[in-house]
Each structure stands twice: as structure tokens, then as C-alpha cells.
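Chains, contacts and geometry: an overview
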Amino acid sequence: MYIADVKSGVKMSRLSLAVPANVLALGAVSLVTDVSSEMVTAILPFYLVLSLGLSPLAFGLVDGLFFGVTAVVRLAGAHLADRLQRPKLVAGLGYALSAACRLGLPAAGGSAALIGAVVAADRTGKGLRTAPRDALITLSADPGRLGQAFGVHRAMDTAGAFLGPLVAFAVLGASGAYDAVFVVSFAVAVLGVLIFVLYVRDRRESAPAPASIRPALALLGETRFRRLCLTACGLGLVTVSDAFVYLLVQHNAGLATEHLPLLPLGTAAAYLLLAVPLGRLADRVGRGPMFVLGHLALVAVYGVLAASGPFWVVLPLLGLFYAATDGVLMAAAGPLLPPGLRTSGLALLQTGQAVARMVSSILYGAAWAAFGPVPGLVAMGVGVVACLSLWKVVR
């Protein structure tokens, strides 16, 4: 019994070393929160376009808010987290704000302006929490295993993204009402906030943060970090959002409305299966090559959509794109940032990417409204290939 207990303890110690408890706790919060958010994300494009009748351009403007409005608060929130040395506090405020917004969508009715305001508030919450959460991961894991740590976190996050559409499908099938999905989403989001408060531990930097935000902006003067930001922003400008991808799949395949919330499952399943192994592989072979691989998968997504190919090819390719780029980008940036500016530096990178994707959604929505969906896809694909010439800066 004693020998067995010792062996068991050694195994648990190795597991804790490989994946710190704080990373697992943050992953659990993201899992539950993503169940809530993906319930809404899975139905929102169809709710706005098919139920409320928004045009592609109007939807592009609302969808752009999902990315762009985070830029308003992301840097300020990250600086506050660095200044107070309390990333948990700032992230927690973001989770709570997003949870409250779940009830705002049914209250907004059919008003595009009110829906936009609720989306903006929800994205404000995401902007507050993302950089402090990722900073907590970089402070909780060994620098040489950041790819694995982010891979585990993103895999748990994606498990929630996988479950969210299933829950939305079940609720929508049982009630036939979009409002019921929003209410259940709120209840799940509150559970995520409770897990965050009870189980996530704060981490403090060894160096104090500066009093102003200017030193964070000065990080762009460091060559490697500046090039990393430029690469991410350039590729963000030519990344078609998931919402448009799912609308195109529905447009090409003519799927029934009740099946639409299930579309993100193919993406989430691929992401869930690939996030950890690709994160580990990026730690070994380099984060740059992995980042390029992910964007080549995105080009393939555009090609299949433009050719009206089968949706069962599009969805896993989109999952591969996220598994090879999302956590890998944060793992590449973390070691480049000095103590005291870690959260602000990650927020700077994420803000640039968010603004780029906001512009991308608006431009693609306008292109679809003017010329149809295919010319915009071709232009985006050409843009991705052009931007990949900078892949060597992503390390």
C-alpha cells in the first residue's frame, strides 16, 4: 500500500508540474463560461439575420463589435491589473459583466441599436478578462511549457465551446424560443463566475508596474514584439469571422434552421482534439511554423467555402486553424514581455488583433452585400498568403 501510494503521489506531482492547478482552474472557468457564450454565439447570426432580418452589412457591423469594442477597455483593464498586481480582480469583473449581458439580448427585442449596445457591453467584459487571464497562465506555468499550458487551457475552453451549441440546440428544440436560450446561458455564466471566485488564485509579478500606460505602448519599440504584433494585426485583417463562416455554410448547404446551432460542433471538436498536441509540438519545433500551419488551414477554409464544398471539411479545418494559432500566439508573446508589463503587453497584442478583426468583419460584410460572398473570400485568401511572408517573426 505504501509503495502504491508513493507511486500515485509521484504521478500526481508530475501532472501538477506539467499542468499547474491554476491553469486547470482557469480552464474550468473557461469551459463553463464558453458553454454560456457559445450557446449565444451558435444562434446569434441566425437570430439576427434570419429572424430579425439584418442585412449582411448590418450584421457585419454588429459582428465587428464582437472584436472592436474590446479595444476600448482592453489596454486600460490590463494596465489596471498590472498596476494593482491583481489580475484576478480585473478578470473577475470581466466575467461578471459578460454574465449580466446574457439577459440583455432578450430585453433588447428587435432593436439593432440595443442589440449592438448589449454586444458592446459583453465584449467589454471579454476585453477586461482576456489579457489578465492569459497573464495568470504565463505566471503559473514554466516558460518552456507555455505552449502546453495554453493548449490545455484552450482545450478545456473548447470543450465548453463544444457543449454550448448542444445545450442551445436542446433548449431551442424544447422551447422553440431564442429567449429561453439566453436565460439558460445567463445561469451557466453565473456558475462560471462562482468557480472563478472560489478556485482561481492570483499571481503577482516580481517587478512593480509603472504608473502610466506609456511604458506598455513603448513595448512596440522592441523589434521582436513589434513584428509579432504587426503579423497578428495583418492576419487579423484577412480573417473572416466564425459567424460569417457559419452563415456561408448555411447559405451553401441550405441547412434547416433547427440544425444551425450544431455547426460550431465540428470546429470545436477539432480544436478540442488538437489544442494540446499542437501546443506541445509548438514548444518543440517552434511556434512560428505552427502559426503558419494554422493560417494555411484558414486559406483552405476559404477555398472550400468559395467552391461550395462540403461543410464537414470546412468545420474541422477551422478548428485546426484555432488550435494552431490561438494559444500558440500567446505562448510566443509571453517570454518577450518584461515583469510588471506582462498583462499590458498581451493586451496590446490582443487589442491590435481585435481592431483588425473588427475592420475585417465590416469589410467582408460590405463586400458580401455588394458583390456576393465569393469575391471577398478570394481577397481574404490572397491577403493571408501575403501576410505569411512574416511568419519567421513568430517565435
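As shown above, the structure is provided for reference.
Residues numbered from 1 in each chain as written. Predicted model: local features only at pLDDT ≥ 70, side-chain atom pairs only at ≥ 80, totals over all residues. Heavy atoms only, no water.

A few words on unusual backbone geometry. Positive phi is not limited to glycine here, since Q85 has a value of about 55 degrees. Structurally, Q85 can be placed in the loop between helix 4 (70–84) and helix 5 (87–101). Positive phi, normally seen in glycine, also occurs at S308, with a value near 55 degrees. Along the chain, the position of S308 falls in the loop between helix 14 (287–306) and helix 15 (311–333). (Helix = DSSP H or I, 4+ residues; strand = E, 2+ residues; numbered from the N terminus.)

In this section: the nonpolar core. F225 and L349 are the most contacted members of the largest nonpolar core, which has 105 residues in total. Beyond its immediate stretch of four places on either side in the chain, F225 contacts L219, L220, A333, L336, L337, G345, L348 and L349. (Core = buried A, V, L, I, M, F, W, Y, C linked by side-chain atoms within 4.5 Å. Buried < 20%, exposed > 50% of the residue type's maximum accessible area, 1.4 Å probe, protein only. Contact = heavy atoms within 4.5 Å.)

Let's shift gears to the packing of helix 12 (residues 242–253) against helix 15. The contact between helix 12 and helix 15 brings their axes to 10 Å, and the two run at 170 degrees. The angle between helix 12 and helix 15 falls in the class roughly antiparallel. Contact residues: D242, V245, Y246, V249 and A253 in helix 12; F311, V314, L315, L318 and Y322 in helix 15. Class assignment of the residues belonging to the contact of helix 12 with helix 15 gives a composition of nine nonpolar, no polar and one charged. (Axes fitted to C-alpha atoms, helices over the stretch in contact; angles between N-to-C directions. Parallel < 35°, antiparallel > 145°, perpendicular 65-115°, else oblique. Nonpolar A, V, L, I, M, F, W, Y, C, P; charged D, E, K, R; others polar.)

With that settled, consider the pattern of salt bridges. Scanning all chains against the criterion turns up six salt bridges. Residue D134 is joined to R133 by a salt bridge in which the shortest nitrogen-to-oxygen separation is 3.1 Å. Among the ionic pairs, R287 bridges to D283, the shortest N-O distance being 2.7 Å. Judged by its relative accessible area of 12%, R287 is buried. (Salt bridge = Lys/Arg side-chain N within 4 Å of Asp/Glu carboxyl O.)

This part covers helix 15. With 23 residues, helix 15 should reach 33 Å at 1.5 Å per residue; the first-to-last C-alpha distance of 33 Å fits that figure. The element helix 15 is extensively covered by neighbouring structure, given that 18 of its 23 residues are classed as buried. (Expected span 1.5 Å × (residues − 1).)

By themselves these figures say nothing about function.
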